[in-house]
2 protein chains.
Amino acid sequence: MKKRILIVGGVAGGATAAARLRRLDEQSEIIVFERGEYISFANCGLPYYIGDVIKERSSLLVQTVEGMSKKFNLDIRNFSEVESIDRQNKKIKIKNLKSGEVYEEKYDDLILSPGASPIKPPIKGIDEAKSLFTLRNMKDTDEIRAYVDENLPKSAVVIGGGFIGVEMAENLHERGVKVSLVEMMDQIMAPLDFEMASILHNHVKENGVDLILKDGVAEFKNHGTKVVLQSGKEIDTDMIILAIGVKPENKLAKDAGLDLGDRGGIKVDEYLRTNDKNIYAIGDAIEVIDYVNKKPTMIPLAWPANRQGRLVADNIYGKNRKYNGTLGTSVAKVFHMTASTTGNNEKTLKRLGIKYEVAHIHPKSHAGYYPGALPIAFKLTFNPEDGTIYGAQGVGYDGVEKRIDVIATAIKAGLKVEDLQDLELAYAPPYSSAKDPVNMLGYVATNIMEGSLKQIQWYEVDEVIEKGSLFIDVREVLETEMGYIEGTVNIPLGELREHLNEFPKDKPIYVTCQVGLRGYLACRLLELNGFKAINLDGGYRTYA
Amino acid sequence: MKKRILIVGGVAGGATAAARLRRLDEQSEIIVFERGEYISFANCGLPYYIGDVIKERSSLLVQTVEGMSKKFNLDIRNFSEVESIDRQNKKIKIKNLKSGEVYEEKYDDLILSPGASPIKPPIKGIDEAKSLFTLRNMKDTDEIRAYVDENLPKSAVVIGGGFIGVEMAENLHERGVKVSLVEMMDQIMAPLDFEMASILHNHVKENGVDLILKDGVAEFKNHGTKVVLQSGKEIDTDMIILAIGVKPENKLAKDAGLDLGDRGGIKVDEYLRTNDKNIYAIGDAIEVIDYVNKKPTMIPLAWPANRQGRLVADNIYGKNRKYNGTLGTSVAKVFHMTASTTGNNEKTLKRLGIKYEVAHIHPKSHAGYYPGALPIAFKLTFNPEDGTIYGAQGVGYDGVEKRIDVIATAIKAGLKVEDLQDLELAYAPPYSSAKDPVNMLGYVATNIMEGSLKQIQWYEVDEVIEKGSLFIDVREVLETEMGYIEGTVNIPLGELREHLNEFPKDKPIYVTCQVGLRGYLACRLLELNGFKAINLDGGYRTYA
Ligand SMILES: Cc1cc2nc3c(=O)[nH]c(=O)nc-3n(C[C@H](O)[C@H](O)[C@H](O)COP(=O)(O)OP(=O)(O)OC[C@H]3O[C@@H](n4cnc5c(N)ncnc54)[C@H](O)[C@@H]3O)c2cc1C
Ligand SMILES: Cc1cc2nc3c(=O)[nH]c(=O)nc-3n(C[C@H](O)[C@H](O)[C@H](O)COP(=O)(O)OP(=O)(O)OC[C@H]3O[C@@H](n4cnc5c(N)ncnc54)[C@H](O)[C@@H]3O)c2cc1C
Ligand SMILES: CC(C)(COP(=O)(O)OP(=O)(O)OC[C@H]1O[C@@H](n2cnc3c(N)ncnc32)[C@H](O)[C@@H]1OP(=O)(O)O)[C@@H](O)C(=O)NCCC(=O)NCCS
Ligand SMILES: CC(C)(COP(=O)(O)OP(=O)(O)OC[C@H]1O[C@@H](n2cnc3c(N)ncnc32)[C@H](O)[C@@H]1OP(=O)(O)O)[C@@H](O)C(=O)NCCC(=O)NCCS
Ligand SMILES: [Ca+2]
Ligand SMILES: [Ca+2]
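What counts and what doesn't
- Residues numbered from 1 in each chain as written.
- Chains lettered and ligands numbered in written order.
- Predicted model: local features only at pLDDT ≥ 70, side-chain atom pairs only at ≥ 80, totals over all residues.
- Heavy atoms only, no water.
- Near = heavy atom within 4 Å.
- Polar contact = N/O pair within 3.5 Å; in protein donor to acceptor, adjacent residues only side chain to side chain.
- Areas by Shrake-Rupley, 256 points an atom, 1.4 Å probe, with all protein chains shown as cover.
- Helix = DSSP H or I, 4+ residues; strand = E, 2+ residues; numbered from the N terminus.
- Nonpolar A, V, L, I, M, F, W, Y, C, P; charged D, E, K, R; others polar.
- Pairing = 2+ DSSP bridges.
- Axes fitted to C-alpha atoms, helices over the stretch in contact; angles between N-to-C directions.
- Contact = heavy atoms within 4.5 Å.
- Buried area = accessible area lost by both parts, 1.4 Å probe.
- Salt bridge = Lys/Arg side-chain N within 4 Å of Asp/Glu carboxyl O.

Draft legend 1. Looking closely at the site of ligand 3. Taken together, the neighbourhood of ligand 3 is formed by 31 residues, with R20(A), R23(A), S40(A), R310(A) and Y520(B) sitting nearest. More than one chain reaches ligand 3: the nearby residues come from chains A and B. G516(B) places a polar main-chain atom, nitrogen or oxygen, 3.2 Å from a nitrogen atom of ligand 3. When isolated, ligand 3 has an accessible area of 970 Å², and the protein chains bury 92% of it. Residue assignment for the shell around ligand 3 shows that the elements contributing at least two residues are α1 (12–24) and α8 (302–316) of chain A together with β23 (357–361), α12 (437–450) and α15 (517–528) of chain B. Looking at the shell around ligand 3 residue by residue, the class counts come to 19 nonpolar, 8 polar and 4 charged.

Written out as structure tokens, the structure is:
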């Protein structure tokens, strides 16, 4: 059946849907409306073009209007804003932004992939601020890059410590700009838990960024050359990047009476259909189901948009393919480090009242004896009763997102923590260890589940010390000189057996080491000798 | 119950078993017998120490006899060769290689982890060859390194293109030695299929290695300063590395009447128990079940040895944990490239008469517009009827083993090719693409299964051309100037629709492009217009 399919938005979701539609049917009429000048550009590359890491502007333009029209026989109309949807008569109203002309087009099926837009709250002085930018598309990018090229700013305030804020901090730094990064929460990169983000806090500071946490903007003064924070602190600046998050582009949908979620995302069923059976919606504009906790959420990332773009095309042709929810797998380069996450973190699980356990490990990126091995901090969240994997986080220099990808795969496949032990992953010294970090997370988590490893978390240490419990640091004497937990007693693991008669049998003995491994060995030793032993998860490194 | 557990072999499998045994029981008596001087050394690091990439010899010694004895309360006896097993009386005979003393020890349970030894065939002149080495342990390593340090050899012949041979070629090259690499088969790195290994052939040659394929050694002349090949070719050399494979150390087992497999591996059940209920065997010495095709095989790698070491300890304590077979996931650094595999390749499937399909893709390691993106060649083997994933191979510069790890995880989890589409993997421009290569393999393979992509393989091209079929190259004119398949007609994809009336409707039309993607688009276009279209899998790149 020859169909007339209209698509609103011509970038990640929209362009993917158009391409796939044409691969399913040569006859249908497919019209893509994009209000901007460009379709199919590399949103995710924009910060790096500003940082001049990506040199060629043209390389950001994955497909051009002309090239893609020809390749896929599409009617692509840029500078064309869709203004409203007439659901009754299955038509939309479009404004040609160049000519001002307004016209209508009829559809059999309509796909909405309008994306999201940067949040711009009504902060005092925001409208007067001259060099204040947000970053979403090519136009924003051209403006920021031109500003940097022409004005050679010395300083910038980046507001918001999410991944776009952090990428902008890094890329402006690349351009020689002194950056202050302001974040309202006590941490950057919200998908990480606090102790994981802390590693990045040190790293961005070491790279010359002035990191200001737990503080928000109160006012922009002097046309945005002074940023006043809620704490009263004032920062003089040559430019401002506002990157505090995005909100779904839902106006069209809302005006047309389509169902929206609590946070404004367009509601769709598992086939990506709105409450109007001829209108589908995809990408950043929609509410998705969190794959782990099954609650509605917003996850504005490129993988979901691309995936949904393909599925929606299939569903329009009756293939009935389900979108199975979003894990939120992500990765970001933060100066020389990499942070990557999948699934639910501890904060989320706590907030939702889901019973969970966590495990921290600090393995090397690859075999320690091969050059370049650097530690990675990994954290796994899981259900201690049935071993369901809830999520994982990694922060390190190399090999971080590789392990998160494996765990993301394991979650989607319904594997349990026990199964992580048995994943047979590629090993040679330059790449990994004979027991991959993922295997190790499996071992540690399974030991926790089976009760052969009892542990406390970094935030419970102070309380234990205050109570005066015996807390043994089993590292070598030399290691403790680099720092130790006040109130611990140092007995190296190799000597522990000689001291057993000094320990109480009736009270728990707490143990720590550098990363948790030797603490675990000490705990096994103590437990098997009739003591109650509890390990500090992640050891001194997670605590410090 | 206090047990007396004896372990033969103190490296990957043996040391791991000993450590885990102690974590399960503080009372048992555990004695480790190792005939060499060292236990728990980094076998896999040895080539790199010879290449001086790893600088510190001590870093190869993961655990020392003294340190490990103390930490785990073990009785570790090095220079101690186990000579025989008396199954009837549950005791073994040991020879102290320093004193010559022979004595016996009784066991409740015996673990064999004796490893494997390099194959040394009775080639003419082999015993007289002076600077001929094999590489398995610290002693071999010390000898080779000393030879290179002291004699500064100018040339070397490495015999065998398996991963140890290739690693030695690379590391001798690092030391300024001109290397000839001689391999009997038509390809190096047997876990790869031919067209995948070919990429490496070019690469090792570009790196100055004289690669000699399809030729074996006939004779060593002049005390090994001349290597005569079966082709008659003679190579003068300062040293020889023999790396043509390993055979299981099965003498003890054989003499004791334990069951062996066809290739000499010790037979064990899924709990790693031999046909004697008090004797277990693990590591390179055993026959394992191929995880994919369920046939017995030998896979001498570190992950299986380590995994089995832990499981055997658990099983001795009645935990009944199954070893689920070996996938053979592997990775090797080959100069600047990485080759990685998991599961069964095409050769194996063909040999076993298993019905399969393959898919080749050549995605970039990460987003093309972000600096440093380089193509990776991936190949997936799968069951075209039910979508079972049989295996995968990757050759490239970066991000290779990451995707193989994901696919290894998918195989272990029983995912089908269709499920690869839906894996939500970490994406940001420096790391991947919004559709990860693994997703892409899932899309391509599923299209093949569903019949929306029909293809031929690189080795079928010549036949098709000879038959005079229409074979269209849909690349841009410019691209074809870098090389093309003789007999193809160039019509760029964007112009294909204008030529439809020129094509035959009754005969299949063959299509190729650079890597297969545009060929697929052209095929969809042709098919949806009523033609029969067949794509060249992997495009010109796989063919060339
Ligand atoms: C700077 C930046 C960096 C990013 N980095 C990453 C990353 O590293 N990894 C990652 O996974 N994701 C990243 N993302 C997010 C990713 O780009 C988005 O998730 C993805 O683009 C969403 O696709 P979409 O189709 O929903 O929206 P978009 O790609 O934004 O496309 C929506 C299009 O619709 C158009 N439009 C909206 N309304 C109308 C209308 N009424 N009429 C006509 N056209 C309309 C808009 O102009 C826009 O071009 C990044 C985003 C940005 C901005
Ligand atoms: C150079 C090299 C590079 C490698 N690189 C990799 C790699 O990159 N990735 C990978 O996965 N694998 C690699 N491997 C393979 C890996 O090292 C082995 O699979 C693993 O060590 C096998 O463990 P095992 O315990 O079975 O044997 P081994 O680790 O070899 O230990 C067996 C020990 O038993 C001792 N022994 C044997 N018989 C007796 C006896 N009768 N009495 C007393 N002691 C005895 C031997 O002396 C030996 O030390 C490499 C191997 C080598 C040699
Ligand atoms: C460029 C864009 C239009 C591509 O859409 P697309 O055609 O669906 O995607 P690709 O070019 O990756 O091609 C994928 C198709 O080629 C097929 N394919 C890929 N490699 C192949 C190969 N070697 N052989 C055969 N087929 C192949 C896949 O099966 C898939 O086809 P299918 O969906 O019909 O199964 C769209 O992704 C886009 O606009 N991207 C830029 C915007 C964006 O994503 N921004 C966010 C990230 S920066
Ligand atoms: C060194 C060697 C003896 C280690 O054996 P091991 O103790 O089993 O292994 P590890 O040191 O990695 O420790 C793993 C244990 O620590 C635990 N662990 C690891 N990190 C932990 C952490 N942060 N917190 C708590 N526990 C942790 C694991 O759960 C596991 O214990 P389990 O098996 O009881 O569950 C052995 O692997 C060996 O000899 N290796 C060198 C030889 C070799 O492998 N060669 C081939 C490759 S080069
Ligand atoms: Ca690495
Ligand atoms: Ca990379």
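Draft legend 2. Quick peek at the site of ligand 2. Around ligand 2 there are 31 residues in total, and G13(B), E34(B), S113(B), R136(B) and D284(B) lie nearest to it. Of the chains in the model, those with residues near ligand 2 are chains A and B. Here a nitrogen atom of ligand 2 and a backbone polar atom of V82(B) are 3.0 Å apart. The separation between an oxygen atom of ligand 2 and a polar main-chain atom of A302(B) is 2.9 Å. Every element with two or more residues in the shell around ligand 2 is listed here: α1 (12–24), β4 (80–86), α5 (163–174) and α8 (302–316) of chain B. For the shell around ligand 2, the leading source of residues is β4(B), giving 3 residues. Among the residues forming the shell around ligand 2, the class breakdown is 19 nonpolar, 7 polar and 5 charged.

Draft legend 3. How the structure looks around the sheet that holds strand β25 (residues 389–396) of chain A. All names here are of chain A. An order of β21-β22-β25-β24-β23 is seen for the 5 strands of this open sheet, with the pairing classed as antiparallel. Of all strands in the sheet, those with a lone pairing partner are β21 (330–334) and β23 (357–361), marking the two edges. Across the sheet, the mean angle from the axis of one strand to that of its neighbour is 10°, orientation sign disregarded. Pairing between β23 and strand β24 (residues 377–382): 5 bridges, direction antiparallel. Bridge pairing in β24 places A359 opposite L380. Most of the contacts of helix α12 (residues 437–450) go to β23, to which it runs at about 140°, and overall it touches β23 and β24.

Draft legend 4. Geometry of the interface of chain A and chain B. Residue-level contacts link 81 residues of chain A with 81 residues of chain B. Summing both partners gives a buried area of about 7200 Å² for chain A against chain B, and 55% of it is carried by carbon and sulfur. Of all residues in chain A, W303(A), Y369(A) and E424(A) bury the most surface against chain B, accounting for 12% of the area lost on that side. The interface formed by chain A and chain B contains 10 salt bridges. Its salt-bridge partner being E450(A), residue R321(B) comes within 3.4 Å of it at the nearest N-O pair. At the boundary of chain A and chain B, one finds 38 residue pairs in polar contact (both at pLDDT 80 or more). Within the residue set of the side of chain A that touches chain B, elements represented by two or more residues are α1, α3 (65–72), α8, β21, β22 (337–343), α10 (400–412), α12 and α15 (517–528) of chain A. If one sorts the elements of the side of chain A that touches chain B by residue count, α10(A) sits on top with 8 residues.

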